[in-house]
Amino acid sequence: YPLCALAVSDERPSNPQYGNNIKEFRGVHPKKHGIPFNSSNKWQVSIHDRPDSEAAVVVLKGAPERVLDYCDEYLYDGKTLPLTDDVRQTITDGVINLGKKGERVLGFCHLELSPEEFPPDHMFQGDSREKANFPFGRENEKGLVFIGLMSMIDPPRPGVPQAVRRCQTAGIKVIMVTGDHPITAKAIAQKVDYP
């Protein structure tokens, strides 16, 4: 899955201009507006200034299926291409394969805004996708550009499998509550001996 390369890479890429200095990077890309993550949306969006352009950029991260819903293009090898059904399926297959390993997967996308339509003094507003006054991949609107996936391993705490077994042996019904994708939840449940 070439689109998932960073998700399975052991390399830690470093930005040649900022290295791994997040504070400096954020300082030259100040946030103009944002909508925080919540469990209903399953995404977080923010808009940032760019030092090399008058165009602000929308950046969104969240549940891959939600992110893909808002995109109509994807970035591949430095080029923006149409996000076809075949490419969507390739990305979805990558998400499923990572989820089966018990990995939590996030999707990422962006959209460079037109400085003519959204000049530097534009006041970005909205606390939801429906109320946002900027492009958000809504019907009859330009979609965002899918840029990739990232997965992370958040293993169960030590002792959880033993605690689950003790509860089951004592006749206590164990219930798993999670915000993870169902495939990821199933893989984690198997790691802790949850039926």
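## Brief notes about the overall build of the protein chain
No. 1: From N to C terminus, the protein chain includes six helices and seven strands.
No. 2: Counting from the amino terminus, helix and strand elements in the protein chain follow one another as α-α-β-β-β-α-β-β-α-β-β-α-α.
No. 3: Of all intrachain contacts in the protein chain linking residues separated by at least 6 positions in sequence, the fraction that spans at least 24 positions is 60%.
No. 4: With the model as given, the accessible surface of the protein chain reaches about 12,400 Å², and the carbon-plus-sulfur share is 53%.

## Focus: the layout of surface pockets
No. 1: Quantified by volume, the second largest pocket comes out at close to 450 Å³.
No. 2: Taken together, 20 residues make up the lining of the second largest pocket; nearest its centre are Ala63, Val105, Leu106, Gly179 and Asp180.
No. 3: For the lining of the second largest pocket, the elements supplying multiple residues, two or more each, are strand E3 (53–62), helix H3 (64–69), helix H4 (85–100) and strand E6 (103–112).
No. 4: Of the residues forming the lining of the second largest pocket, the biggest block, four residues, is contributed by E6.
No. 5: Partitioned by chemical class, the residues of the lining of the second largest pocket number seven nonpolar, seven polar and six charged.

## Focus: the packing of aromatic side chains
No. 1: Across all of its chains, the model carries seven aromatic pairs by this definition.
No. 2: Here the aromatic rings of Tyr74 and Tyr76 are separated by 6.4 Å at their centres, their planes lie at 50°, and the arrangement is tilted.
No. 3: Take Tyr76: its relative accessible area is 36%, and that puts it in the partly exposed class.
No. 4: Note on Phe134 and Phe136: the rings are 5.8 Å apart at their centroids and 25° apart in plane angle, and the pair reads as stacked.
No. 5: Overall, Phe134 belongs to the buried group, its relative accessible area being 2%.
No. 6: Put simply, the rings of Trp43, Tyr70, Phe118, Phe124, Phe134 and Phe136 touch in pairs and so form one group of aromatic residues.

## Remarks on the environment of Cys109
No. 1: Structurally, Cys109 can be placed in strand E6.
No. 2: Separated by 49 residues in sequence, Cys109 and Leu60 have C-alpha atoms that sit 5.4 Å apart.
No. 3: Ignoring sequence-local partners within four residues, the contact set of Cys109 consists of Val58, Val59, Leu60, Val67, Cys71, Leu144, Val145, Phe146 and Ile147.

## Brief notes about the confidence of the model for the protein chain
Close reading of the predicted structure is inappropriate where its pLDDT is low.
No. 1: The share of residues in the protein chain with pLDDT of 70 or more is 90%, and the mean pLDDT across the chain is 86.
No. 2: The least confident element of the protein chain is helix H1 (residues 5–8), whose mean pLDDT is 36; the most confident is H3, at 96.
No. 3: With pLDDT under 50 throughout, residues 1–12 is counted as low confidence; its partners more than four residues away or in other chains account for 22 contacts.

## Considerations on the sheet that holds strand E5 (residues 79–82)
No. 1: Reading across from one edge, E1-E2-E3-E6-E7-E4-E5 is the order of the seven strands in this open sheet, with mixed pairing throughout. Pairing within the sheet leaves two strands with one partner each, and these edge strands are strand E1 (31–35) and E5. Neighbouring strand axes in the sheet, compared pairwise and without regard to direction, differ in orientation by 30° on average.
No. 2: Relative to strand E2 (residues 43–50), E1 is paired through four bridges, and the arrangement is antiparallel. When the sheet's bridge partners are listed, Gly34 is paired in E2 with Ser46.
No. 3: Strands strand E4 (71–76), E6 and strand E7 (144–153) of the sheet are contacted by H4, whose axis makes an angle of about 150° with E6.

Parameters at a glance
Residues numbered from 1 in each chain as written. Predicted model: local features only at pLDDT ≥ 70, side-chain atom pairs only at ≥ 80, totals over all residues. Heavy atoms only, no water. Helix = DSSP H or I, 4+ residues; strand = E, 2+ residues; numbered from the N terminus. Contact = heavy atoms within 4.5 Å. Areas by Shrake-Rupley, 256 points an atom, 1.4 Å probe, with all protein chains shown as cover. 1 Å grid on protein atoms, 1.4 Å probe; cavity = no way out; pocket = protein on both sides within 12 Å on 5 of 7 lines; lining within 4 Å. Points joined across faces, edges and corners; volume = space filled by probe spheres on them. Nonpolar A, V, L, I, M, F, W, Y, C, P; charged D, E, K, R; others polar. Phe/Tyr/Trp six-rings, centres within 6.5 Å; stacked < 30°, edge-to-face > 60°. Buried < 20%, exposed > 50% of the residue type's maximum accessible area, 1.4 Å probe, protein only. pLDDT = per-residue confidence, 0-100. Pairing = 2+ DSSP bridges. Axes fitted to C-alpha atoms, helices over the stretch in contact; angles between N-to-C directions.

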